[in-house]
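Fold and geometry: a report
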Amino acid sequence: MAPLEIYAGKKAREVIMKNGFCPAIFNYFLGASGGPKWFSLAGLDRVLFPEWFANIDHQIHVIGSSAGAFRAICAVQNDPLAAINRLASSYSTTTYSDKPTPREITAKAEALLEEMVDEKGKQEVLSNPRFKAHLIVAKCLGATRFENKFRQLSGLAMSAAANTVNRKHLSRLYTRYVFSTPDTDFAIKDPYALPTQYHDLTQGNIHSALLASGSIPVVIEGVQTIEGAPPGMYRDGGIVDYHFDLSFGPDEGLVLYPHFYDRPIPGWFDKGLKRRMPHQSSYDNVVMLVPSAAFVASLPYSKIPDRKDFEVLDADTRIKYWQTVLSETDRLGEYFMRAVNDGTLVDSIKPLPFAMR
């Protein structure tokens with residue numbers, strides 16, 4: 001049984017039937033929030049940019065929030081495989097004290113970023129002519145802009161209530177900030193019209209933008225200063241764009257979206273809202289690469305990693321489990337490359353398996 005499922009929107013399937021499944025038809029790559037859930041996709045990341053996209057002659061916009069932003073920065077360095085492996089190794093072996101404070105967790109995240117992208121790597125990110133990074137961050141306007149735990153919790157409760165009524169109400173509480181490679185033509189189209197600001201990535205703000213994009217409320221300290229952006233409190237991009245309900249422009253190419261689930265959840269506050277479906281306009285030109293149920297069942301504990309593993313597993317057990325997943329997920333990359341090279345991947349493509357608005 002194949003370890004990877006391939007799903008595509010209607011427009012994407014039409015393009016593939018006309019042109020075949022090749023790098024030339026893609027202009028966008030998406031990386032979702034999800035912390036260590038990303039480990040289930042590491043094997044795909046190890047082949048997509050180092051091999052499959054390696055010889056393209058057009059631009060690919062690499063868009064990510066939270067862990068997806070970390071992956072984006074790895075993908076656009078000159079040696080994406082080495083960067084991806086640094087991220088995987090550093091993240092999977094991170095340990096904390098029994099009751100870590102936000103300061104301790106933040107310090108560990110800062111050390112991870114130093115390992116993942118150094119000063120030379122930053123220069124490579126900014127000068128890459130083909131792969132362009134776009135990091136999504138949420139600027140907090142309500143009570144989540146405070147560092148006090150109880151004010152943050154009250155702000156999160158208010159955000160959840162507003163979002164339950166209508167996702168567009170988050171516009172009063174958050175602004176989406178996109179930090180992009182300079183001189184890049186890129187725009188987000190949001191069916192909910194959440195306010196969006198665009199700023200350039202610089203040598204001086206790559207780390208702070210990355211840290212902000214992964215700053216989970218209450219768990220990690222927010223970032224109050226990002227070079228080139230107004231003062232404020234910046235937190236996890238997944239707050240507004242967890243698994244995405246967006247389309248992109250101005251290029252009309254397809255979106256390649258490796259994802260750990262076969263149903264995307266638009267924003268962080270939508271996790272409990274089964275009725276909150278993404279828009280068809282956001283997924284019509286998307287191709288999703290998803291680990292199959294059989295592959296997930298073959299992993300230790302028959303699941304993909306998640307942040308709860310920090311709480312329920314001791315450090316040695318967790319690290320062994322996560323590194324086993326990182327090794328096993330190479331099967332996804334091997335299957336993908338074999339299927340695109342022998343032409344069988346096109347026959348495996350299925351319609352998107354979730355309802356849309």
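Residues numbered from 1 in each chain as written. Predicted model: local features only at pLDDT ≥ 70, side-chain atom pairs only at ≥ 80, totals over all residues. Heavy atoms only, no water.

On to the packing of helix H4 (residues 80–92) against helix H5 (residues 102–116), then. Across the interface, H4 lies against H5 with an axial gap of 9 Å and an inter-helix angle of 155°. Here H4 is positioned roughly antiparallel relative to H5, judged by the angle of their axes. H5 is crossed by H4, and the crossing has right-handed handedness. Contacts between H4 and H5 involve Ala83, Arg86, Leu87, Ser90 and Tyr91 from the former and Leu112, Glu115 and Met116 from the latter. Classifying every residue of the contact of H4 with H5 gives five nonpolar, one polar and two charged. (Axes fitted to C-alpha atoms, helices over the stretch in contact; angles between N-to-C directions. Helix = DSSP H or I, 4+ residues; strand = E, 2+ residues; numbered from the N terminus. Parallel < 35°, antiparallel > 145°, perpendicular 65-115°, else oblique. Left-handed = near helix turned anticlockwise from the far one by under 90°. Contact = heavy atoms within 4.5 Å. Nonpolar A, V, L, I, M, F, W, Y, C, P; charged D, E, K, R; others polar.)

Here we take up the environment of glycine 333. Looking at the secondary structure, you find glycine 333 in helix H13 (residues 330–342). Each C-alpha atom of the pair glycine 333 and leucine 48 lies 7.8 Å from the other, and the pair is 285 residues apart in sequence. Setting aside chain neighbours within four positions, we find glycine 333 in contact with Gly43, Leu44 and Val47.

Turning our attention to unusual backbone geometry. A cis amide bond, omega 5°, links glycine 249 with the succeeding residue proline 250. Following the sequence through the fold, proline 250 ends up in the loop between strand S9 (247–249) and strand S10 (254–258). Of note, alanine 193 is a non-glycine position whose phi angle comes to about 55°, a positive value. Looking at the secondary structure, you find alanine 193 in the loop between strand S6 (187–189) and strand S7 (196–200). Positive phi outside glycine occurs at phenylalanine 244, with the angle close to 85°. Mapped onto the elements of the fold, phenylalanine 244 is located in the loop between strand S8 (233–235) and S9.

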